[in-house]
Structures are given as C-alpha cells and as structure tokens.
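Structural features, examined
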Amino acid sequence: MTTWEPVIGLEVHVQLLTRSKIFSGAATRFGSAPNTQACAVDIALPGVLPVMNSEAARMAVKFGLAVAARINQTSIFARKNYFYPDLPKGYQISQYELPIVGGGHLTISTNGNDKRIGITRAHLEEDAGKSLHEDYHGMTGIDLNRAGTPLLEIVSEPDMRSPQEAIAYLKKLHTLVRYLEICDGNMQEGSFRCDANVSIRPLGQTELGTRTELKNINSFRFIERAIQYEIERQIEILEDGGQIIQETRLYDPDRNETRSMRSKEEAHDYRYFPDPDLPPMILHDDFIDSVRNSLPELPDAKKQRFIEQYGLNDEDAVQLTATKELADYFETATSATQGSAKTVANWIAGELSGYLNKENKDITESPVGAGQLATLIDRIHDRTISGKIAKEIFESMWNGEGDTDTIIEKKGLKQITDAGAIEKIIDEVLAKSEKQQEQYKSGQTKVFGYFVGQVMKATKGKANPQQVNEILKRKLDA
Amino acid sequence: MALDHQTVREIAELAHLELDDSEIDQHADELSRILGFIEQMNQVDTTGVEPLAHPHDGRLRLRDDQVTESDQRASFQRIAPATEAGLYLVPRVIE
C-alpha cells in the first residue's frame, strides 16, 4: 500500500480596506445600489487612465513587512488579458514579473508543532465586477461596483501537508490582515477569498504530482472539507491506475464534492505584458520606513507577551489574541480588576464566549464591557459574591439589567460571610439529616456534597462556599 | 521563426478576432516577420542589462485615497444597449 502525501498551496485574495478604488476615485463601500460606484475608469470608457492609490501600496507594504518579506522597491503593473463581461477593459491590471512583495513566511502551529509556511509573493491587482446569472429576460446582469476594488493576492509555497495545516495557515493570515487593519476579513462578503492548489504524491517522493485548483471557497469549514474531499478523490484515481487532470474544480458544499469547472481545457494564456498606462512603481526608503513605524503589535508578539506578562498558558494566549479587539478587552479588564489575569481569561473563554457564540456576536458587540467584567471579578475577589452567583449576575448584565453592584443590591445577592450565620444554617441542615450523617461517619465521605448542597439551597447560593466547607468539615469530623 | 496556421488561429481566438483563411495567411506571414525581428534582437548579448518594463523613465504617480467620483450611473447607462434595475445587461454568460 502506498502512503500518499498531500501537497497544498493556497492563493488568498485579500480585499484592501481603502476608501477609494485602486486606480480610480470611486468609492469601495459594500452593498451599494448596482453601478452607483462604478466611474468612467471602472467601466473602461475610452480615453480614461488609471491613477494608483497610495493607500493600497501602503497596505501591501504593511503586509510584506509583517511576514518578513522582501519589499520590491520597484514593482511593475501588468495586464492580464481575458474576456468576460464583468471585466470591462478586457484585461485585469495585476502584477506579474515584479510584484510589490517578494518571499516571506508565516509560522503556523498544529498539534503543538510549529511549522514555517513560505509566502512566495503578494501582488496588487484590481477586482472584477459581478455577474448576476438570475434571469433578466434571458440575459446576464452586470454590476461593476466591485470592479477596481484593490486586492492583495497572497500566494503561499506548496508547504502544507494536510487540510488542518491549510486551515491553520488561513486562520493565521486572516488574523494578521485584521490586526494590520488592511482587510475586514469578511468571508461572506468576499473580502477574504481562498483558492487551494492540491496534489498528492507517494510519501518520500520529491517530485510534485499533478495538481488541481479549488476555486473561491468562502468559509474555513468548507475549505477544509473541499481539500479533504479532493485528496481522497485523487488517491482513488491514482490507486485505480488513473491520471489526475490539471484543472480547476468547484466545491459544492451541499453535496460535499468537487466538480470540474471548465469543460474545454484550452490552455489559458493570459498574455501578460507590462501595462503601458502605468510606469514602474518606485517606493523610497522613507515610505517603507514610515509604514514600518506604523506597524501594530503583531499577533505572535502579543501572544508571547501575554504568556510572559500575564502568566497565561499557550492555549489561553492564542485564544485571547485571536483578534485585536478581544486582546484589548482582556487587557482593559485585567488592568481594572484586583482579580488575576487567569480569572479574567477564564471568564472570557467561559461565560463571555458562550454568550457571544450563542447570539453570534463579536466582542465589540458585547453588552458587558471590559470594565463591567472587571467589577464583577472584583466582587468575587473581595468575597461579596460567590463564583456561582457571579454567573447569574453576568447573565443579568448581559440582558442589560445594570452593572454588578446595582444587581447585587437589587436582587439581594450579597454573599453570607458571617461565620455565625453560616454555622446556624449548617446546624439546621444537620438536624434534618441524621441518616446522611451516619453514612458519612461510616466512611461514605461522598455525601459531603449533599450537605453543601443543602446549605446552598437554604441560602439561595449566597453562603461563602469556602466557609461552608470549613465549618461543615469541622462539625462532621468532630 | 514561422508561425503555423493553427497557432495563428489560437492567438486570434484568444483575442476574440474572427479571421477567414486569407487573413490567416496574411497574419501568419506578418507575425512571422515580427518574430524574425525578435530573433535578430535575441542575438544581442544582454548580460547585465535590466529588462525594460516601460519606454519612459517616469515613475508611477500615487494619489491620496480620497473618493472623488460621484454617481453618474444614469448618464453612463444612457449609452448602454440594455439595462435593468441599475444593471448592465449582456448576452447570457454560461459558466
């Protein structure tokens, strides 16, 4: 039996967060009425000329610096020629021989192992419009609002060996572009699109197998499934003595399979050549230095700092630095509370994430602010409330019933820490549970939980659990 | 180097040009002559010469990221053969 090794490379189209298009002054806002953001340049009226957006160049350089890539201070725009109705010029302005960003890398982590994934290049290009194939009296509708939106196409080396590694790379990239504030990362709206090149080869062989390209898959889950399916499909073909055809395939999430996209596989020849409308883009050192100085703390550095500064474990640190906003929330809460960073991390990973997921919200939409969470943790810390009651208060805060102290006051949730009061309740409980006491004394110490439960029930959860444990133990063991 | 007719047909297809047989003859001949010039240029030793991307010495001018264009859909669509609901309509594209 041959052991097959998958080889995966990814091409990611990242839509850059500029206000205007890459070569025109039309707006890039998503979801506007059709063709209201398509100016004369975007629809390719005769006589128009492209003028490059400096912000798109700045964002590309920002990305390049963040992945330790070479910045090509001279880069060239080229025409990629093909005919399609949503490409009015008959060519897409892209970069071919000299892209703005050369080789770099990202480090991914799967099952606790770090691996470096090479980034071959990243180049600037313009997006095409959208074809709407619903029936307009037998015709196709064209919306050119997206035409000319700046894209950064990030091409990886074929360095990934499993769908899991591919997803780890994509997630890393997704986090990075949002940290850099060069892309909103919205996959549904197409701001972050992925094509995957997949091939297999017998383990140990250095030569690459024939690859297929999976196009435009718009969620992490589907990308993982599409690659997994494609690997299995290729293995089956090769083990049956067949051959892989180099082609573009489309993933169908409903049927969980990939299908060949082009019936006639005429050799696609884009006939690239340097665009005569656009002289070489030359970026000076001071431009690149100013971009370097504007770089934020990057996800890996932040994760490392969280581990060192707050004593978090790797898993917590990864989770808390998944987005810049979440990391900020954690740091704001931690600096405002007497409780430990670990406690804050647990609350974020537990209650907060639970509620956010349930209502499909992100951290910026949380009804419970970092300051409110800090106060809640303070009240556990100063023993005003127990952890269990704190969860009830969290829910109340989530539902907009005010902040921690208001809710404690209003609902009478203050913890009972008066040892005398607790002792009195314990005595009452013990008086009613002779049978359980006998069990306990005969060595069935598990019934201890029963007594705790009764005390908590009698106090509506307000008795300080540590004190309850101590007093109970003392009395039972006496 | 002489281009055969099949290659000329493929190039014409890529450029969406419809050529009849006599035109194919003519283009095969002209394109072959152009390739001949390039063959000649290939004789020149270009070791150490940077590839030329653009005939002028200019560098790309960068503009600020400002929205300067307003919506002119109505006037653009006045000259379009077919529109509906703000869309340009084209003969159906079958994927």
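In short, a report on the structure. (Residues numbered from 1 in each chain as written. Chains lettered and ligands numbered in written order. Predicted model: local features only at pLDDT ≥ 70, side-chain atom pairs only at ≥ 80, totals over all residues. Heavy atoms only, no water.)

Our focus in this paragraph is the overall build of chain B. Tallying secondary structure elements over chain B gives three helices and three strands in all. Going residue by residue from the N terminus, the α and β elements of chain B occur as α-α-β-α-β-β. Taking 95 residues into account, the globule formula puts the C-alpha radius of gyration at 12 Å, and chain B, at 23 Å, lies well above it. Counting only C-alpha atoms and orienting by the principal axes, one finds that chain B spans roughly 55 × 45 × 25 Å. Pairs at least 24 apart in sequence give 26% of the contacts found in chain B among residues at least 6 apart. Here chain B displays about 7500 Å² of accessible surface, and carbon together with sulfur accounts for 51% of that area. Put simply, chain B has 8 plus and 20 minus side-chain charges, and the middle of one group is 13 Å from the middle of the other. (Helix = DSSP H or I, 4+ residues; strand = E, 2+ residues; numbered from the N terminus. Rg over C-alpha atoms; globule rule 2.2 N^0.38 Å. Contact = heavy atoms within 4.5 Å. Areas by Shrake-Rupley, 256 points an atom, 1.4 Å probe, with all protein chains shown as cover. Lys, Arg positive; Asp, Glu negative; His and termini not counted. Charge placed at Lys NZ, Arg CZ, Asp CG, Glu CD.)

So, on to the sheet that holds strand β7 (residues 113-126) of chain A. Residues and elements named next belong to chain A. The eight strands are arranged β6-β7-β10-β1-β11-β12-β13-β14 in an open sheet whose pairing can be described as mixed. Among the strands making up the open sheet, the edge pair consists of β6 (104-110) and β14 (257-260). Adjacent strand axes in the sheet meet at a mean angle of 30° when their direction is disregarded. Pairing analysis gives seven bridges linking β6 to β7, with the strands arranged antiparallel. Opposite Thr107, over in β7, you have Arg116 as the bridge partner. Packing of helix α1 (residues 54-66) onto the sheet brings it into contact with β7 and β10 (150-156), and relative to β7 it is tilted by some 165°. (Pairing = 2+ DSSP bridges. Axes fitted to C-alpha atoms, helices over the stretch in contact; angles between N-to-C directions.)

As a packed pair, helix α13 (residues 434-441) of chain A and helix α14 (residues 448-458) of chain A sit with axes 9 Å apart at the nearest point and diverge in direction by 145°. Residues Gln436, Gln437 and Tyr440 of chain A of α13 of chain A touch α14 of chain A, and the partners they reach there are Phe448, Tyr450 and Phe451 of chain A.

Below, the discussion takes up the interface of chain B and chain A. Across the boundary between the two partners, chain B contributes 33 residues, which contact 53 residues of chain A. Roughly 3900 Å² is buried in total at the junction of chain B and chain A, and carbon and sulfur atoms are behind 61% of that figure. By the criterion of area lost to chain A, the three top residues of chain B are Leu60, Arg63 and Asp65 of chain B, representing 19% of everything that side buries. Joining chain B to chain A, the criterion identifies zero salt bridges. In this structure, the connection of chain B to chain A is made through 21 residue pairs in polar contact (both at pLDDT 80 or more). For the side of chain B that touches chain A, the elements supplying multiple residues, two or more each, are β1 (62-63), α3 (73-78) and β3 (87-91) of chain B. (Buried area = accessible area lost by both parts, 1.4 Å probe. Salt bridge = Lys/Arg side-chain N within 4 Å of Asp/Glu carboxyl O. Polar contact = N/O pair within 3.5 Å; in protein donor to acceptor, adjacent residues only side chain to side chain.)

Before going further, it helps to spend a moment on unusual backbone geometry. In this structure, Asn360 of chain A takes a positive phi of about 55° despite not being glycine. Here Asn360 of chain A shows up in the loop between α8 (341-358) and α9 (370-381). With relative accessibility at 71%, the residue Asn360 of chain A sits in the exposed group. Although it is not a glycine, His16 of chain B sits at a positive phi angle of roughly 55°. Take His16 of chain B: its relative accessible area is 55%, and that puts it in the exposed class. (Buried < 20%, exposed > 50% of the residue type's maximum accessible area, 1.4 Å probe, protein only.)

Attention now moves to a negative patch on the surface. Together, Glu232, Glu236, Glu239 and Asp240 of chain A make up a region of like negative charge exposed at the surface. Residue placement: Asp240 of chain A occurs in the loop between α3 (220-239) and β13 (248-252). (Patch = residues over 30% accessible without salt bridge, like charges linked within 9 Å, V, L, I, M, F, W, Y side chains within 5 Å.)

Residues and elements named next belong to chain A. Counting across every chain of the model gives 14 aromatic pairs over all chains. Seen in terms of ring centroids, Tyr270 and Tyr272 are 6.2 Å apart; in terms of plane orientation they differ by 75°. Their pairing is edge-to-face. A relative accessible area of 23% means that Tyr270 is categorised as partly exposed. Measuring from centroid to centroid gives 5.3 Å for Phe306 and Tyr310, while their planes differ by 85°, and the two rings are edge-to-face. Of this pair, Phe306 and Tyr310 both sit in helix α5 (residues 299-310), separated by four residues, roughly a single helical turn. Of note, Lys80 hangs over the ring of Tyr270, and the distance from its end group to the ring centre comes to 4.4 Å. (Phe/Tyr/Trp six-rings, centres within 6.5 Å; stacked < 30°, edge-to-face > 60°. Lys NZ or Arg CZ within 6 Å of the ring centre and 35° of its normal.)

Taken in spatial order, the four strands of this open sheet run β8(A)-β9(A)-β3(B)-β2(B), and their pairing is antiparallel. Every other strand in the sheet has two partners, leaving β8 (130-136) of chain A together with β2 (83-84) of chain B as the edge strands with one partner each. Looking at chain direction, strand β9 (residues 139-143) of chain A and β3 of chain B are connected through four bridges and run antiparallel. If you follow Met139 of chain A over to β3 of chain B, its bridge partner there is Pro91 of chain B.

All names here are of chain A. Across the eleven residues of strand β11 (residues 192-202), ten count as buried, placing the element largely inside the fold. Looking at chain direction, strand β1 (residues 4-15) and β11 are connected through eleven bridges and run antiparallel. Looking at β11, one finds that Trp4 is bridged to Pro202. With four bridges joining them, β11 and strand β12 (residues 212-217) adopt antiparallel strand pairing. When the sheet's bridge partners are listed, Ala196 is paired in β12 with Leu214.

Glancing now at α14 of chain A. Spacing of three or four residues puts side chains on the same side of an α-helix, whose turn is 3.6 residues. Residues and elements named next belong to chain A. Along α14, the positions that sit buried rather than exposed are Phe448, Phe451, Val452, Val455 and Met456. All buried residues of α14 fall inside an arc of 135° around its axis, so they share one side. For α14, exposure combined with an orientation more than 90 degrees from the buried face picks out Lys457 and Ala458. Against the buried residues of α14 lie α12 (419-431), α13 and α15 (465-477). Two residues or fewer after α14 comes Lys460, characterised by a positive phi angle close to 55°. (Arc of directions from axis to C-beta.)

On to the packing of α1 of chain A against helix α4 (residues 285-293) of chain A, then. All names here are of chain A. For the pair α1 and α4, the least separation of the axes is 9 Å and the interaxial angle reads 65°. Between α1 and α4 lies a crossing whose hand is right-handed. Packed against α1, whose contacting residues are Ser54, Ala57, Arg58, Val61, Lys62 and Leu65, the element α4 presents Phe287, Ile288, Val291 and Arg292 at the interface. (Left-handed = near helix turned anticlockwise from the far one by under 90°.)

In total, this model carries zero disulfides over all chains according to the counting rule given. No disulfide involves Cys183 of chain A; its sulfur sits 13 Å from that of Cys194 of chain A, the nearest cysteine. (Disulfide = S-S within 2.5 Å.)

Another point: the pattern of salt bridges. Residues and elements named next belong to chain A. The final tally for this structure, using the stated rule, is 36 salt bridges over all chains. For Arg249, the salt bridge goes to Glu230, with nearest N and O atoms at 3.5 Å. Highlighted residues: Arg249 in strand β13 and Glu230 in helix α3, separated in sequence by 19 residues. Considered together, Arg249 and Glu230 belong to a single accessibility category, that of buried residues. A salt bridge links Lys302 to Glu297, with the shortest nitrogen-to-oxygen separation between them at 3.2 Å. By relative accessible area, Glu297 is classed as partly exposed at 29%. By sharing partners, the salt bridges in this structure join Glu230, Arg233, Glu247 and Arg249 into a single network.

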